[in-house]
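Here is how the chains run, residue by residue.
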Amino acid sequence: MKQFSSIKPATFSSGIPLIDLSKPDSKNHLVKACEEFGFCKVINHGVPTEFISSLESEAVKFFSMPLSEKEKAGPPKPFGYGNKCIGPNGDVGWVEYLLLRANPGFDEQRLASIFGRNTEFTRCAVDDYVSAVKRMACEVLELLADGLKIQQRDAFSKLLMDEQSDSIFRVNHYPPCPELQGDTNGRNMIGFGEHTDPQIISVLRSNNTSGLQISLRDGSWISVPPDQNSFFINVGDSLQVMTNGRFKSVRHRVLANSLKSRVSMIYFGGPPLSEKIAPLASLMEGEEDSLYKEFTWFEYKKSAFKSRLADNRLGLFEKIVA
């Protein structure tokens, strides 16, 4: 079940776009980052530090429990606790995780099975954190709409704000990997294999342990320096389609660390299942054609669920150019 790989070491880069959301020109910097990287780091994000620290504390407590206790909250169908197996199609990684609905006040019984009897604090911690991160994600999407000169400022964000929004929340724990200590063969343990996120936007926060890497346009990989006080924004496949390829969903992966555990918390902002995903008319210049066949989020989600992590999921929905 272990995935060792002789991955060529990535460049450790401080060249990740850094965007201060409090600055008036942040919308233009966000657009440029989404076009060039599909990824950026944001500061002055407005998510209270206490929301971050209290939820991380709850997560660390959960992952510190004996495996037999954690497994009572699994297997994920699709929500709950998972260990090493990522999805139903054979992908594995050096990771354990919790997958939860991102809707406030989700299934109390499920939460009780995950965190034990004292769920009130945990439910508040999850709701507070997810609500704050969702607000920030919507702010980023509205700034992007402004930067793209889309008249309807909530063209993207309304899909996350919709009561039927199919958004999820994931907490990943990458334990230390002792087998990598002293390894001189250049091997890496795959924590989470390379993939793009199918949703509209992903908002990631992790502790101060490295491991996250993103792929650049030329196919090379760079390591993202960790920063527990900032958030990282990923363009998802759906946003790539809605901008007709102007924004690129970022391919990313996580490598295990030999000495330190890594905890990451990710909000995946998705549209309602029935939402049609297609390029916005206001972004189609002149007679420019859509690069993609129209599809619903349900259709794309179903297709993605059948794929392997590294597959080009959008390939099935691209129009063939004559």
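The rules we used
Residues numbered from 1 in each chain as written. Predicted model: local features only at pLDDT ≥ 70, side-chain atom pairs only at ≥ 80, totals over all residues. Heavy atoms only, no water. UniProt positions renumbered as here; feature names shortened; annotations may be inferred. 1 Å grid on protein atoms, 1.4 Å probe; cavity = no way out; pocket = protein on both sides within 12 Å on 5 of 7 lines; lining within 4 Å. Points joined across faces, edges and corners; volume = space filled by probe spheres on them. Helix = DSSP H or I, 4+ residues; strand = E, 2+ residues; numbered from the N terminus. Nonpolar A, V, L, I, M, F, W, Y, C, P; charged D, E, K, R; others polar. Buried < 20%, exposed > 50% of the residue type's maximum accessible area, 1.4 Å probe, protein only. Arc of directions from axis to C-beta. Pairing = 2+ DSSP bridges. Axes fitted to C-alpha atoms, helices over the stretch in contact; angles between N-to-C directions.

An unreviewed UniProt entry annotates the protein chain as gibberellin 2beta-dioxygenase originating from Rhododendron griersonianum. The UniProt entry for the protein chain carries this comment under Catalytic activity (unreviewed entry): "gibberellin A1 + 2-oxoglutarate + O2 = gibberellin A8 + succinate + CO2". Per UniProt, the protein chain has the following entry under Sequence similarities (unreviewed entry): "Belongs to the iron/ascorbate-dependent oxidoreductase family. GA2OX subfamily."

Participant: Quick rundown of the layout of surface pockets? Include the residues and the values.
Facilitator: Reported here for the largest pocket is a volume of approximately 1,100 Å³. As for the largest pocket, its lining consists of 50 residues, and the residues nearest its centre are Gly87, Leu99, Ile168, Arg170 and Phe305. At the level of elements, β5 (80-86), β6 (91-101), β7 (168-174), β8 (188-195), β13 (252-255), β14 (262-269) and α8 (297-305) are the ones that each hand at least two residues to the lining of the largest pocket. Among the elements that make up the lining of the largest pocket, the one with the highest residue count is α8 (six residues). Here the lining of the largest pocket is built from residues that sort into 25 nonpolar, 13 polar and twelve charged.

Participant: Describe helix α1 (residues 26-36), and please don't skip the residues or the numbers.
Facilitator: Regarding α1, the residues found buried are Ser26, Leu30, Val31, Ala33 and Cys34. For α1, the angular spread of the buried residues around the axis is 165°, confining them to a single face. Directly after α1, the chain includes Gly38, whose backbone phi takes a positive value near 70°.

Participant: Please set out the sheet that holds β6 residue by residue, giving values where relevant.
Facilitator: Pairing within the open sheet is mixed, and its eight strands lie in the order β3-β4-β12-β9-β14-β7-β6-β5. The open sheet is flanked by β3 (18-20) and β5, the only strands paired with a single partner. On average, adjacent strands in this sheet sit at an angle of 25° to one another, irrespective of strand direction. Sheet analysis places strand β9 (residues 201-206) next to β14, joined by six bridges and oriented antiparallel. The residue of β14 that forms the bridge with Ile201 is Gly269.

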